[in-house]
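So the chains spell out like this:
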Amino acid sequence: MINGVLYLLKLCWKCKKSSIIYLLLESICKAFLPLLLIVFPKILLDELFGEQRIDFLIVYVIILIAVTVFGNQLADFFHTRYFIKKMEVSNKFYLMVDEKLMNVELRCMEEPDFLDLRYKAERFMNADGYGFGGILDKTANLISHIIVLCGIVGVIVSLSPIIILVFVSMIGLNAWIDAKVKKMNIKLDLERPKYERKLAYEESICGEYRFAKEVRIYGLKHWVLEQIGIQNKVLEDFYVRINNNTLKTKTVANIASGIQLIITYLYLIYGVINKVFGIGSFTMYLNAINSFTSSVTSITETIMEIRNYSQYYTYLKKYLSLPEMEENGERIEIAPFEIEFVNVSFCYPGQEKQVIKNLSIKIKKGEKIAVVGENGAGKTTFIKLLLGFYEPTEGKILLNGRNIRDISYESYCQLFSVVFQDYILFAKTVKENVALHKTDQMKDEQIIENLQTSGFAERLATLSNGIQTQVYKEFDESGFEPSGGEGQKIALARAITKQAPFVILDEPTAALDPKAEYEMYQRFHEISKGRSAIFVSHRLASTKFCDKVFVFDNGTLVEVGKHEELMEKKGKYSELFTLQSQYYL
């Protein structure tokens, strides 16, 4: 339990020391006022049933009201200041988490276990819906309750130490049962993430545009709603089991509360009847005993909540320690280079089948290489290995004779411009989609020229705001929805803008007709002059103007050579080319 709390305290102290100071001041104010409201009524009642001095009563009431109002105002002020500082800490923390997401090895982001781990880590920081640092807030409440309890104990001890012992014993029993139940609930709770993620996905099918066409054209409405209902039922079962467990705790607590009330009223009535103390003391002791019960209950419940939520700290710690892309390697200058795969094999995490098998190749500066093969042959995985997204299961990848793991990953990425098979356009302006983080540094003329080079000039001329037009309509109704070909041209302009020495086109034309695909390759061939280039496709329109063709089959590089050479061999390449020529050539 303490590790999770200490982590948050250190985080707040490191980011904003004042957040901790305001939190402690708020806790003290919150503790001070309840104690006043226990003691002050005794003085008021003793005076009303005693000398009844009007001047004393007026002064006393004014002081009581002034202290209460000022104390509440002060507590609210400290709470507001703490909340603002906490938000600043929250923003810094989530930036740290976002940075972690962007640095984590790509293989992690494709694993269901990673997604569940991320969800559980966020549960710790959000205290299961109580907001960032909710555990820290509960710790502050715990401090307030402890301060109040100490004052209350001092009052009750003056009445009878035995009552304290009886009440503590009953509350301790209740707390023990509550802890057992909450431990059971946490075990149930840890099973929820995968089902909640599944429900969130099913619900996204209803509301996201990318699913809308299939849902309507295939009449999937009832099927999707049925799937949502199934996931809702699974989660309902979790909540029923959790609430049934909680009901047991509340039943024991209610019985204990009833017994405490019986003991309290009998003892206090006996004291008043036998003139052991007066009405003022009766009121003070009654308030103190009731507050004692609620304070101890609050303390035990808060401790259990902190303890239960802190179990998620293990997941946060594990999440933050996930392997990242290496950035501590040596930085390199963009210069003539040679990339070599040396006996590289690779299989995806959790799988035994190798998708790349014993691959050994060299790629020299300025070479144009076509990577071909049927679907599932290993082409895209080869590109991911080349880009450093995955680390080989066996073998190594060398840049000018040095293992790329010993080179700064950020520096290594500067070598490549890529148009991915599943390229992404952002809901930002056309200019931002092309220039990305260098938007403020690039002149509009250069962006327009690159878009013209990529073949987007005709469409650009129709956009009312030119390169300032928003892509998609999430944030601007005047935005435009690019077609597949238009999106590819914007992505290609992005690759041109980077001006990297190595350009990769990873099957972005799979959805295009052969003529449009050929035009794209011709344009890309012109763009890649003076650079190294790789054209990846299961279709073979790109091979004739390449220096080499790498032919993959079932994860193995089966043939290497020029188009003419491979056609003469009458092997796998010749088979694929002859088959496709019947349809495309």
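Check the entry above for the structure.
Residues numbered from 1 in each chain as written. Predicted model: local features only at pLDDT ≥ 70, side-chain atom pairs only at ≥ 80, totals over all residues. Heavy atoms only, no water.

Enquirer: Would you mind showing me how to read the overall build of the chain here?
Expert: Helix and strand counts for the chain stand at 21 helices and 10 strands. Out of the 585 residues belonging to the chain, those deemed buried represent 45%. Restricting the contact set of the chain to residue pairs at least 6 apart, pairs at least 24 apart contribute 74%. Summed over all atoms, the accessible surface of the chain reaches about 30900 Å², with 58% contributed by carbon and sulfur. (Helix = DSSP H or I, 4+ residues; strand = E, 2+ residues; numbered from the N terminus. Buried < 20%, exposed > 50% of the residue type's maximum accessible area, 1.4 Å probe, protein only. Contact = heavy atoms within 4.5 Å. Areas by Shrake-Rupley, 256 points an atom, 1.4 Å probe, with all protein chains shown as cover.)

Enquirer: So what exactly am I meant to see when it comes to the nonpolar core here?
Expert: Note that soluble globular proteins tend to have their nonpolar side chains buried in a common cluster. Membership of the largest hydrophobic core comes to 53 residues, with the highest contact counts inside it found for Ile156, Leu268, Phe292 and Tyr319. Counting residues per element, the ones that place at least two in this core are helix H1 (2-15), helix H2 (17-48), helix H3 (54-103), helix H5 (112-126), helix H6 (134-157), helix H7 (161-189), helix H11 (279-310) and helix H12 (313-320). With 10 residues, H11 is the largest single contributor of residues to this core. In terms of nonpolar packing, the next biggest core, distinct from the first, is built from 34 residues, Ile383, Ile504, Ile534 and Leu557 among them. (Core = buried A, V, L, I, M, F, W, Y, C linked by side-chain atoms within 4.5 Å.)

Enquirer: What is the right way to read the sheet that holds strand E10 (residues 556-561) from this model?
Expert: In a beta sheet, neighbouring strands are held together by backbone hydrogen bonds and run either parallel or antiparallel to one another. Spatial ordering of the open sheet is given by E6-E7-E8-E3-E9-E10, a layout of 6 strands whose pairing is mixed. Across the chains shown, the open sheet's two edge strands, defined by having one partner strand only, are strand E6 (416-419) and E10. Geometrically, the sheet is characterised by an average inter-axis angle of 15 degrees between neighbouring strands, direction not taken into account. Across 5 bridges, strand E3 (residues 368-372) lies against strand E8 (residues 532-537) in parallel orientation. Paired with Ile369 across the bridge in E8 is Ile534. Each of E3, E6, strand E7 (502-506), E8 and strand E9 (548-553) is contacted by helix H13 (residues 379-386), which is oriented at about 150 degrees to E8, the strand it contacts most. (Pairing = 2+ DSSP bridges. Axes fitted to C-alpha atoms, helices over the stretch in contact; angles between N-to-C directions.)

Enquirer: Can you help me understand the sheet that holds strand E4 (residues 394-399) in this one?
Expert: Taken in spatial order, the 4 strands make up an open sheet running E2-E1-E4-E5, and their pairing is antiparallel. Both edges of this open sheet fall to strand E2 (356-364) and strand E5 (402-403), since each of them pairs with a single strand only. Here strand E1 (residues 338-346) pairs with E4 via 5 bridges, running antiparallel. Each bridged residue has a counterpart across the sheet, and for Glu340 the counterpart in E4 is Leu398. Contacting E1, E2 and E4, H13 crosses the sheet at an angle of about 120 degrees to E1.

Enquirer: What is the right way to look at the pairing of E3 in this model?
Expert: For a regular strand, side-chain orientation follows a simple rule: the groups alternate between the two sheet faces. Most of E3 is tucked away: 5 of the 5 residues are buried. Of the two faces of E3, the one holding Lys368, Ala370 and Val372 and the one holding Ile369 and Val371 are both buried throughout.

Enquirer: Sorry if this is basic, but what is going on with the packing of H3 against H12 here?
Expert: A pair of packed helices can be characterised by two numbers: the angle between their axes and the separation between those axes. Interaxial distance between H3 and H12 falls to 10 Å at its minimum, and their mutual angle equals 50 degrees. Judged by the inter-axis angle, H3 sits oblique to H12. Note on element contacts: H12 touches H3 through Leu316, Tyr319 and Leu320, opposite Phe93, Met96, Val97, Lys100 and Leu101. Residue classes in the contact of H3 with H12 are distributed as 7 nonpolar, no polar and 1 charged. (Parallel < 35°, antiparallel > 145°, perpendicular 65-115°, else oblique. Nonpolar A, V, L, I, M, F, W, Y, C, P; charged D, E, K, R; others polar.)

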